[in-house]
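Per-entry structural report
So you can see what is in the structure, the chains are spelled out below.
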Amino acid sequence: MIKLLKCEFMKTRRRYIFVTALVVTAAMLAWIYPRHHSADLLRLGWMANLYELPLINSIFMPLLSIIVSSRLCDIEHKGLMLKKLAVTEKRGRIYDAKLLYGLAVMMLCVVLSWGATIAFSYIAGFEGNVPIKLYLLYLLFTAVPTVAVYIFQHTLSLCFKNQAVTFFAGAIGTFFGTFSMFLPQLSWLRMSLIWGYYAVLMFVGLFDWTKENRYQFAHFDVMGIDWTFFVVLIFICVVMYVIGREIFKRKEL
Amino acid sequence: MNEIVKTMGLTKLYKGAAAVSNLNMRVNEGRIYGFLGPNGAGKTTTLKMLLSLIRPTAGEIEIMGKPLTPNTRIQILRGIGSLIESPSFYGHLTGAENLKILQTLLDVPKKNIDKVLQIVRLDNQRGKKASAYSLGMKQRLGLAGALLSFPKLLILDEPTNGLDPSGIQEMRELIKSLPKEYGMTVIVSSHLLSEIDQMAEDVGIIANGKMMYQGALDNLHDVDKSKSLEEIFLDLTGKEQSL
């Protein structure tokens, strides 16, 4: 596998995969920060992040997944390289190596944006210390839906020559996933979409916010964390991986 | 003489229509086997089945004395060099970088890169991006990739496609030299009779997915001495088929 990962690294030379991923992450951070924080938000800042960021992640992480998976797989289609690789290595291993490489890029971006969020929050002057346990939980609940979305995008990118298919499937999923966050009454919608799990795994709620007083009397609280959906998502990841790998193995080149 | 490739009743159906039908191919070791047939006869489909790029609907394949099964597949395929349809390469990488990736995957000595670049006469262009290569150079890069492990068996699907006359001649001479210099067996497909006539020792003629003739090229000349090779070929493949 090390040999295959080394080859993946060599292939991406001059493709600027890391740079592209970092630019998208930077764009995401530039969209969130800097912004004006009222005294109330400075008081509530650490928890407010955990309430707001899943929405941002539900847009940017799938978008990043589309870009990274497509750039990684498109080189194989453009160069007609899959038929060459398939006679030198087991197809399952080709699928795995590319998936691992792409996931490494994605996880780097997830961790960087997580770290940058904490850093920017300190710079903004949020009151108190970072609730590290909750932030680690947030990191986990950002990473796992991203893995699920990436496996989906990876399989599409590898199996379809036309990357427009990948883009539209990802864009439609992202739209419904994000849209589902604005429809709390339709919980089944976000639970049935992998893009909706950024919302399903949200564990901070906003209480006592009113139009008149806004954040003056508002507070953010940790809601009950239902680990069932986390387990469901892990299961979905495994199923998508097994199915995606099998589809690629059976694909005629 | 050892048979390095053997197919038994090889068949491929696409939506019920046979692209290759009950094909029994026999390729002798150390020889150049010309796989000849009109466009759409089933040459590429057959070669892709030999390389497990597509699955046969029925039949068996034996390569280097071993049956081609999911368990033996990679072990067998690593002993085969191939160039199917258009050459494969990463356009954003240089010729040498492309070969470096294959060398790493195949786990063959690094010096093979220089050697194959010399053989295909791309050593002076090794630092140039593959996307900037001419068609002939791309074809030669594809061949260099196929030769990289100095395999026992080389499968070339229409390797002279798109080349100019001097490129065709150069490629032909190179292919002809491989069995003698490196002990390779070469299967080379073409829809051009003259091409195969100048290169191959044995020939398999396929039309409508069926093997119409198989044996030494010299014997084909003897099928009907009153007819030219072209006429014999047309008789075998059906006159309505294009050459």
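In case you missed it, the structure is sitting above this.
Here is a short report on the structure shown in this document. (Residues numbered from 1 in each chain as written. Chains lettered and ligands numbered in written order. Predicted model: local features only at pLDDT ≥ 70, side-chain atom pairs only at ≥ 80, totals over all residues. Heavy atoms only, no water.)

A few words now on the overall build of chain A. A tally of regular secondary structure across chain A gives ten helices and two strands. Ordered by position from N to C terminus, the α and β elements of chain A give α-α-α-α-α-α-α-α-α-β-β-α. Relative to a compact globule of 253 residues, whose C-alpha radius of gyration would be 18 Å, chain A shows 20 Å and is just as compact. A principal-axis box enclosing the C-alpha atoms of chain A has dimensions of 65 × 35 × 30 Å. Taking all 253 residues of chain A together, the buried fraction comes to 53%. Within chain A, contacts between residues at least 6 apart in sequence are counted, and of these 80% link residues at least 24 apart. Carbon and sulfur atoms form 71% of the exposed surface of chain A, whose accessible area is close to 11,600 Å². (Helix = DSSP H or I, 4+ residues; strand = E, 2+ residues; numbered from the N terminus. Rg over C-alpha atoms; globule rule 2.2 N^0.38 Å. Buried < 20%, exposed > 50% of the residue type's maximum accessible area, 1.4 Å probe, protein only. Contact = heavy atoms within 4.5 Å. Areas by Shrake-Rupley, 256 points an atom, 1.4 Å probe, with all protein chains shown as cover.)

Interfaces are often sized by the accessible area lost when the parts come together. Each partner contributes residues to the interface: chain B has 33 residues there, and chain A has 26 residues. Of the roughly 2,800 Å² buried where chain B meets chain A, counting both sides, 57% is carbon and sulfur surface. Counting every contact that joins chain B to chain A gives five salt bridges. Close ionic contact of A:Arg13 with B:Glu97 constitutes a salt bridge, the shortest N to O distance being 2.4 Å. At the junction of chain B and chain A, the tally comes to 22 residue pairs in polar contact (both at pLDDT 80 or more). If you list the elements that add at least two residues to the side of chain B that touches chain A, you get strand S1 (3–14), helix H2 (73–77), helix H3 (95–106) and helix H5 (135–147) of chain B. Of the residues belonging to the side of chain B that touches chain A, the class tally is 16 nonpolar, eight polar and nine charged. (Buried area = accessible area lost by both parts, 1.4 Å probe. Salt bridge = Lys/Arg side-chain N within 4 Å of Asp/Glu carboxyl O. Polar contact = N/O pair within 3.5 Å; in protein donor to acceptor, adjacent residues only side chain to side chain. Nonpolar A, V, L, I, M, F, W, Y, C, P; charged D, E, K, R; others polar.)

Looking now at helix H7 (residues 163–179) of chain A. Residue and element names in this part refer to chain A. Given a rise of 1.5 Å per residue, 17 residues ought to cover 24 Å, and the 24 Å separating the end C-alpha atoms of H7 matches this to within 8%. Restricting attention to buried positions, one finds in H7 the residues Gln163, Thr166, Gly170, Gly173, Thr174, Gly177 and Thr178. Across the axial projection of H7, the buried residues extend over an arc of 125°, all falling on one side. Counted as exposed and oriented over 90 degrees from the buried face of H7: Phe168 and Phe175. On the buried face of H7, the contacting elements are helix H3 (39–78) and helix H6 (132–159). Two or three places before Ala164, at the opening of H7, Asn162 has a side-chain oxygen 3.0 Å from that residue's backbone nitrogen. (Expected span 1.5 Å × (residues − 1). Arc of directions from axis to C-beta.)

Attention shifts here to the packing of aromatic side chains. Residue and element names in this part refer to chain A. Evaluated as defined, the whole model comprises 19 aromatic pairs over all chains. Ring centres 6.2 Å apart and planes at 35° place the aromatic pair Tyr95 and Phe248 in the tilted group. A residue pair is termed long-range when its members are at least 10 positions apart, and Tyr95 in helix H5 (residues 91–124) and Phe248 in helix H10 (residues 227–250) qualify at 153 residues. Its relative accessible area of 0% is what places Tyr95 among the buried residues. Between Phe141 and Phe203 the ring centres are 5.9 Å apart and the planes differ by 75°, which places this aromatic pair in the edge-to-face class. On the criterion of sequence distance, the pair formed by Phe141 in helix H6 and Phe203 in the loop between helix H9 (197–200) and strand S1 (204–207) is long-range, its members being 62 residues apart. (Phe/Tyr/Trp six-rings, centres within 6.5 Å; stacked < 30°, edge-to-face > 60°.)

Judged by nonpolar contacts, the single largest core of 153 residues is most densely connected at A:Val68, B:Leu147, B:Leu154, B:Ile155 and B:Ile187. Looking at this core, the element that brings in the most residues is H3(A), giving 15 residues. Other than its neighbours up to four places away in sequence, A:Val68 contacts A:Ile17, A:Ala21, A:Gly102, A:Val105, A:Met106 and A:Tyr150. (Core = buried A, V, L, I, M, F, W, Y, C linked by side-chain atoms within 4.5 Å.)

What follows deals with the pattern of salt bridges. Residue and element names in this part refer to chain B. Taken as a whole and assessed by the stated rule, the structure comprises 23 salt bridges over all chains. In this structure, Arg172 and Glu195 form a salt bridge, with 3.6 Å as the shortest nitrogen-oxygen distance. With Arg172 in helix H6 (residues 165–182) and Glu195 in helix H7 (residues 193–199), the pair connects residues that are 23 residues apart, well separated along the chain. When sorted by exposure, Arg172 lands in the same class as Glu195, which is buried.

All names here are of chain A. Here H10 is 24 residues long and its end C-alpha atoms lie 35 Å apart, about the 34 Å a rise of 1.5 Å per residue gives. Of all the residues in H10, the buried ones are Phe230, Leu233, Cys237, Met240, Gly244 and Phe248. Of the surrounding secondary structure, the elements contacted by the buried residues of H10 are helix H4 (82–85), H5, H6 and H9.

To continue, consider the layout of surface pockets. Considering only enclosed or pocket space, the largest pocket measures out at about 690 Å³ in volume. Considering the residues around the largest pocket, the lining is formed by 26 residues, among which B:Ser52, B:Arg55, B:Thr69, B:Pro70 and B:Arg73 are closest to the centre. Tallied by class, residues from the lining of the largest pocket come to nine nonpolar, five polar and twelve charged. By volume, the second largest pocket is sized at about 580 Å³. Looking at the second largest pocket, it is lined by 23 residues, and the ones nearest its centre are A:Arg190, A:Ala199, A:Met202, A:Val204 and A:Met223. Of all the secondary-structure elements, those providing two or more residues to the lining of the second largest pocket are H3, helix H8 (187–191), H9 and S1 of chain A. In terms of residues, the lining of the second largest pocket owes the most to one element, S1(A), which gives four residues. Looking at the lining of the second largest pocket residue by residue, the classes come out as 18 nonpolar, two polar and three charged. (1 Å grid on protein atoms, 1.4 Å probe; cavity = no way out; pocket = protein on both sides within 12 Å on 5 of 7 lines; lining within 4 Å. Points joined across faces, edges and corners; volume = space filled by probe spheres on them.)

These results come straight from atomic positions and should not be treated as a statement about function.
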